[in-house]
Amino acid sequence: MLTPLRRRRESGLTLIEIMVVVVILGMIAGIVSKVVVDRIEAAKVETAKTQISEFMGALDLFYLDNGFYPSSEQGLAALVTKPASGRVPEKYPERGYLRSLPVDPWNRDYVYISPGQHGDYDIICLGRDGNEGGSGFDGDVNSWELGGAKKQ
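All of the points below concern the structure found in this document. Numbers given for residues are sequential positions, taken from 1 along each chain in its written order. Restriction of local features to residues with pLDDT of at least 70 applies here, the model being predicted, together with a cutoff of 80 or more for giving and counting side-chain atom pairs; totals for whole chains, interfaces and linings are based on all residues. With hydrogens and water stripped out, all remaining heavy atoms of the structure feed into the side-chain values.

**Here's the deal with the sheet that holds strand 2 (residues 122-125)**
Next up, step 1: If DSSP finds at least two bridges between two strands, the strands pair. Working definition: helices are DSSP H or I runs of at least four residues, strands are E runs of at least two. Numbering for both runs from the N terminus. The 3 strands lie next to each other as 1-2-3, forming an open sheet whose pairing is antiparallel. At either margin of the open sheet sits one strand with a lone partner, and together these are strand 1 (111-113) and strand 3 (141-142).
Next up, step 2: With 2 bridges joining them, strand 2 and strand 3 adopt antiparallel strand pairing. Bridge pairing in strand 3 links C125 to V141.
Next up, step 3: In this analysis, two residues are considered to be in contact whenever any of their non-hydrogen atoms come within 4.5 Å of each other. For helices, the fitted line uses only the C-alpha atoms of the stretch in contact; every axis is such a line through C-alpha atoms, and the angle between N-to-C directions lies from 0 to 180 degrees. The strands touched by helix 2 (residues 15-66) are strand 1, strand 2 and strand 3; relative to strand 2, the strand with the most contacts, the crossing angle is about 160 degrees.

Right under this line is the structure:
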């Protein structure tokens, strides 16, 4: 027969033991979620850099075919469909230079300026916060920092 003391030990975990386990699990979850969120944001910055590089390549092809870059008004859309206004390119591939025009990783349009302050064109992704400037994940990703077109 079990004594009362022995019965109490076999009955399960105490409230304090359960609270300690919950606190430890919470700390682990907090650390893991911070690492995961940082990795996701870093991947978004790298995606923006890759997309800007893709735009730069398409813009170079546009320039090689036509001798000029699309205007700010024509924008990056001139790489998908032939512009009908402004300076209209004479040599334009049937399928354009890009299949579609992606938005940045934070679901905003890229900023395209031609002529730009830093080159023949500037392409800007405004980062996580959507505002000009900033640092870290809120910082801008710019074409001129990736070797964009220099002023001639």
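What follows continues from the structure just given.
**With respect to the nonpolar core**
Next up, step 1: For our purposes a nonpolar core is just a set of buried Ala, Val, Leu, Ile, Met, Phe, Trp, Tyr and Cys residues, chained together by side-chain atoms within 4.5 Å. For every residue, the accessible area obtained with a 1.4 Å probe (protein chains only) is divided by the maximum for its type, and the residue is called buried under 20%, exposed over 50%, and partly exposed between those limits. L59, L76, L79, Y110 and I123 are the most contacted members of the largest nonpolar core, which totals 23 residues.
Next up, step 2: For this core, the elements supplying multiple residues, two or more each, are helix 2 and strand 2.
Next up, step 3: Top element by residues in this core is helix 2. It accounts for 8 residues.
Next up, step 4: The residues touching I123, leaving out its near neighbours within four places in the chain, are I52, F55, M56, L59, L76, Y110, V111, Y112, V141, N142 and S143.

**Thoughts on a nonpolar patch on the surface**
Next up, step 1: Only residues above 30% relative accessible area that lack a salt bridge enter a patch, with like-charged residues linked at up to 9 Å and the nonpolar side chains Val, Leu, Ile, Met, Phe, Trp and Tyr linked at up to 5 Å. Values of accessible area rely on a 1.4 Å probe in the Shrake-Rupley scheme; residue burial ignores everything except the protein chains shown. Salt bridge, as used here: a side-chain nitrogen of Lys or Arg that lies within 4 Å of a carboxyl oxygen of Asp or Glu. On the surface, a cluster of nonpolar side chains totalling about 800 Å² of accessible area is made up of I16, V20, V21, I24, L25, I28, V32, V36 and I40.
Next up, step 2: Since its relative accessible area comes to 45%, V21 is described here as partly exposed.

**A short note on the pattern of salt bridges**
Next up, step 1: The final tally for this structure, using the stated rule, is 4 salt bridges.
Next up, step 2: Taking the shortest distance from any N to any O, the salt bridge between K49 and E46 comes out at 3.6 Å. One end of the pair, K49, and the other, E46, are both in helix 2, 3 residues apart, so they sit about a helical turn from each other.
Next up, step 3: Judged by its relative accessible area of 30%, K49 falls in the partly exposed class.
Next up, step 4: Among the salt bridges present, the one from D138 reaches R128, with a minimum N-O distance of 3.0 Å. One end of the pair, D138, is in the loop between strand 2 and strand 3; the other, R128, is in the loop between strand 2 and strand 3, and 10 residues separate them in sequence.
Next up, step 5: Looking at D138, the relative accessible area reads 23%, which means it is partly exposed.

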